[in-house]
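# Examination of the molecular architecture
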Amino acid sequence: MMNLQKKIQVMTNQENLNYTKEKTIKALAPKAFSNYGKLWVAVLVVFSLVGLFFYIQQIRQGLSITAMSDYTTWGVYVSNFVFFVAISLVGSLISAILKLSGAKWADPLTRIAEIIAVSAIMFAAIVIIIDMGRPDRFYNVILHARIQSPITWDVIVISTYLIISILLLYLPLIPDMAILKKRDLGLGKWQKKLYNSLSLNWQNGEMQEKRLNKLIRILAILIIPIAFGIHTVTSWLFATTYRPGWDSTNFGPYFVAGAFMVGAAAVIAAMYSLRRAYDLEDYITPKHFDYMGRLLVMLSLVYLYFNINEYFIPAYKMKSSEMSHLRELFIGRDAPLFWTVQILGMVIPIIVLLFKKGRKPLPLFIISLLVIVGAWFKRFLIVVPSLAHPLIPTHRVPDEALHYFPTVPEWFITFGTLCGALLVVTFLVRFIPVIPIKETLEGQGIQTNE
Amino acid sequence: MNRMKKLYNILLIAVMLFGYGTQLSAQDDAKPKKIRLSLSYTNVNNMGPRLTAKVLARVERSYLGVDSVTVNFYYGEEENMELLGSTVTQENGEALFLVPEVLRKVMDTTDVFVFSAAVENQEGYADRDTDVEILRSKTYLSLVEEDSTRIARFRILGVDDEGEFTPVEGLNPVFYVERLFGMLPISDEFVETDSDGSCEIVFPEDLPGDKDGKLKVIVLIDDHEDYGTLKAVQQINWGVPIVDNGHQNARTLWSTAENAPRPLVITVCSVLLGIFMIVLYIIYSLFKIRSV
């Protein structure tokens, strides 16, 4: 009698576990777009196409359709490129640094971070080709590469980071795809076929699991120096010159700190949007927002510290070469944008996020948007004003050559790339589970052996 | 069905956008474009003059040079104009024409030259013509050393009403030295010809020349309303000779790709090799996972 009761109990437990398992898998499986989702995709497609249209005009007419000139040779495209590189660093922050430091709470966020990283680094590469004017010039960059040039280092490090980010996105997906391919979740035939080939005959065996975990760990370690490298090298594109505002030994850590800050904000914005769009309240909880809020405030404080270093010391010395650049930033033409970015994009987020209420999902989402927009304009302020104050004496230069404001095609192309990156994120989210299924099941104490 | 319809709509928007661009350029092509035509006269060292016509067309808000437009060049007043020849504009919209030897002999006996340039019967462009009237002149450049001071002296003579060469006073020539990417001014803007038609400057002694110290000195009167553009050019070894110290072939950060510093090449290659060995190991391991 006792045996039978025990047996029934075990069976009931097993059934419960199975029920929970299937419920979790169903909740985390990729879903078709809702009506809002379709509208979102349509808007992104339209703006991406408009951007593409203006890019074709740029190929036909050359860079003369931009406001760039002999002096302001880098404009909104390069600041957009720096922004994308910055955002892409979040992959290493969440999937590598937090994971290796044992922050288990961040596990559900790893895939979101990796998706953002892959799409951002893809578009960083695209944007820099757009900036070259004629895309075939990229071939010359490869063909006539000088290993002494930071531009060559940047091309190498971006390509490497893209490959490693794709691998870091793909490897943890293997068990999830194996789980998804076996279930009737309303997936298309081609989708199941794709999952089948990408799941690499995953049987959840001990050997397979051991190997995969080892590979993920190797990648997580490898991506950290490369992530630091990618943004440090990007900062060297500027810091290896003598230009006012760029001639700084602080630039590498300054860029990396800013990148982690905007990357964390991007993950928070994605968390909030995906949580609402796919009803993931049980998996992305207020606790995650609270922790991400704390992380963001910590990263913002580090970035604030670097900002003080970056501006206070040159302003204290006021070298004649830096003077006009700093004056323009603090009280001149660029001052309104500079102070808006510093206050709205950094100071206010720090103050709000210090309070628990500020780290609730909605306020944190709004603050993250402020940080992202502020970060984009911050890159603009790093790139453009320095070019307007060259060290070489300007001789018989028309005044307008020293002023830069992007033209309509530049704005649309830039906006098109931002929409394009969001479109890639949207489609990746549509076809792969945004929260790792296997790790979630294991977190609930459920075996994933099929 | 619905999906097909949406896809069709997206494609339609794309086609409309691209079509708009094509339509715009088609409209641009249909109407003959209004152009600007300018003509300038240049004489270097009193040799045969050169005519430069520039054709500009309006593109959006600015005027840009137009290539492949044929420009006819004429000599003489309107009633007895003679066609000298034609040239086609380059990418920057400029068409250059060297005055033929035969005409130069005629010009030696004439005090006033009238040249015209015309764009005529060109498909897609409205007809346009312009002319310049130039007074005969002569320029002289002498580079002399007086009391250990190097002096560059320029003199200009122009024909007066009686057809005699007399000094031209009050012109502002600029003295230059030719550099690799342009001309370096070595005089200030206040240099002016005196009643003898002359002006001079003290030549700087620290300008780098070629390996023999040669410099090309140029004195320029730019686009004068009576005399056009006049240039006097002379070469002299007043520069500091450049000594080839072999820096071009040294392995430095600023040399060519082939001459990159070895430690840098070794470091970059080692780092890349290390990273991509790991990436290859990961890809290989994925195949192993598949085969387990």
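So, here is what we can say about the structure in this document.

The subject of this paragraph is the overall build of chain A. Each helix and strand in chain A was counted, giving 17 helices and zero strands. Relative to its length of 450 residues, chain A is compact, with a C-alpha radius of gyration of 24 Å against a globular reference of 22 Å. If one aligns the C-alpha atoms of chain A with their principal axes, the spans along those axes are about 100 × 50 × 40 Å. Looking at the 450 residues of chain A, the share that counts as buried comes to 54%. Carbon and sulfur atoms make up 67% of the accessible area of chain A, which totals about 20,600 Å². Placing the 42 positive and 27 negative side-chain charges of chain A at their respective mean positions leaves the two points 6 Å apart.

With that out of the way, let us pick up the side chain of S95 of chain A. Relative to the helices and strands, S95 of chain A is located in helix α4 (residues 90-100). Contact partners of S95 of chain A, with chain neighbours within four places excluded, come to V90, T110, A113, E114, L168 and A220 of chain A.

A few words now on the pairing of strand β13 (residues 182-185) of chain B. Looking along a regular strand, one sees the side chains alternate between the two faces of the sheet. Pairing between strand β12 (residues 174-179) of chain B and β13 of chain B: four bridges, direction antiparallel. Residue pairing in the sheet places E178 of chain B in a bridge with M183 of chain B of β13 of chain B.

Ranked by internal contacts, the top residues of the largest apolar core, which has 150 residues, are I94, L171, F238 and M292 of chain A together with L286 of chain B. Ranked by residue count, the leading element in this core is helix α11 (residues 251-277) of chain A, at 19 residues. Setting aside chain neighbours within four positions, we find F238 of chain A in contact with W74, V78, V82, W246, F251, F255 and V383 of chain A.

Our next topic: a negative patch on the surface. Residues and elements named next belong to chain B. A contiguous patch of negative charge on the surface is contributed by E77, E78, E79, D127, D129, D131, E133, E225 and D226. Mapped onto the elements, E78 comes out in the loop between β4 (70-75) and β5 (82-88). Classification of E78 by relative accessible area gives exposed; the value is 71%.

Attention now goes to the packing of aromatic side chains. All names here are of chain A. Across all of its chains, the model carries 39 aromatic pairs over all chains by this definition. Judged by centre distance (5.6 Å) and plane angle (20°), the ring pair of Y254 and Y303 falls under stacked. Taken together, the positions of Y254 in helix α11 and Y303 in helix α12 (residues 286-317) put the pair 49 residues apart, joining distant regions of the chain. Y254 gets classed as buried once you look at its relative accessible area, which sits at 1%. Ring pairing ties together the aromatic residues W74, F238, W246, F251, Y254, F255 and Y303, which thus form one cluster. Taking the ring centre of F33 as reference, the NZ or CZ of R430 above it sits at 5.9 Å.

Residue position: W238 of chain B is located in the loop between β16 (228-236) and α3 (262-291). The contacts of W238 of chain B, once residues within four sequence positions are left out, are L143, V144, E145, R150, I151, F203, G213 and L215 of chain B.

Another aspect to go through is a nonpolar patch on the surface. On the surface, a nonpolar cluster with roughly 580 Å² of combined accessible area is contributed by W339, I343, V347, I351, L354 and F355 of chain A. The exposure class assigned to F355 of chain A is exposed, which follows from its relative accessible area of 54%.

Looking now at the sheet that holds strand β7 (residues 112-119) of chain B. Paired through their backbone hydrogen bonds, the strands of a sheet run either parallel or antiparallel. All names here are of chain B. Spatially, four strands are ordered β5-β4-β7-β8 in an open sheet, and the strand pairing comes out antiparallel. Both outer strands of the open sheet, β5 and β8 (128-135), are each paired with one neighbouring strand and no more. For this sheet, the mean inter-axis angle between neighbouring strands, taken without regard to orientation, is 20°.

Let us now look at the pairing of β16 of chain B. All names here are of chain B. The sheet contact formed by strand β1 (residues 35-44) and β16 spans three bridges and is parallel. Counterpart to N43 in the pairing with β16 is L230. Where strand β15 (residues 215-224) lies against β16, eight bridges are found, and the strand directions are antiparallel. Looking at β16, one finds that K216 is bridged to Q235. Counting the residues in the hairpin turn of β15 and β16 gives three residues.

What counts and what doesn't
- Residues numbered from 1 in each chain as written.
- Chains lettered and ligands numbered in written order.
- Predicted model: local features only at pLDDT ≥ 70, side-chain atom pairs only at ≥ 80, totals over all residues.
- Heavy atoms only, no water.
- Helix = DSSP H or I, 4+ residues; strand = E, 2+ residues; numbered from the N terminus.
- Rg over C-alpha atoms; globule rule 2.2 N^0.38 Å.
- Buried < 20%, exposed > 50% of the residue type's maximum accessible area, 1.4 Å probe, protein only.
- Areas by Shrake-Rupley, 256 points an atom, 1.4 Å probe, with all protein chains shown as cover.
- Lys, Arg positive; Asp, Glu negative; His and termini not counted.
- Charge placed at Lys NZ, Arg CZ, Asp CG, Glu CD.
- Contact = heavy atoms within 4.5 Å.
- Pairing = 2+ DSSP bridges.
- Core = buried A, V, L, I, M, F, W, Y, C linked by side-chain atoms within 4.5 Å.
- Patch = residues over 30% accessible without salt bridge, like charges linked within 9 Å, V, L, I, M, F, W, Y side chains within 5 Å.
- Salt bridge = Lys/Arg side-chain N within 4 Å of Asp/Glu carboxyl O.
- Phe/Tyr/Trp six-rings, centres within 6.5 Å; stacked < 30°, edge-to-face > 60°.
- Lys NZ or Arg CZ within 6 Å of the ring centre and 35° of its normal.
- Axes fitted to C-alpha atoms, helices over the stretch in contact; angles between N-to-C directions.

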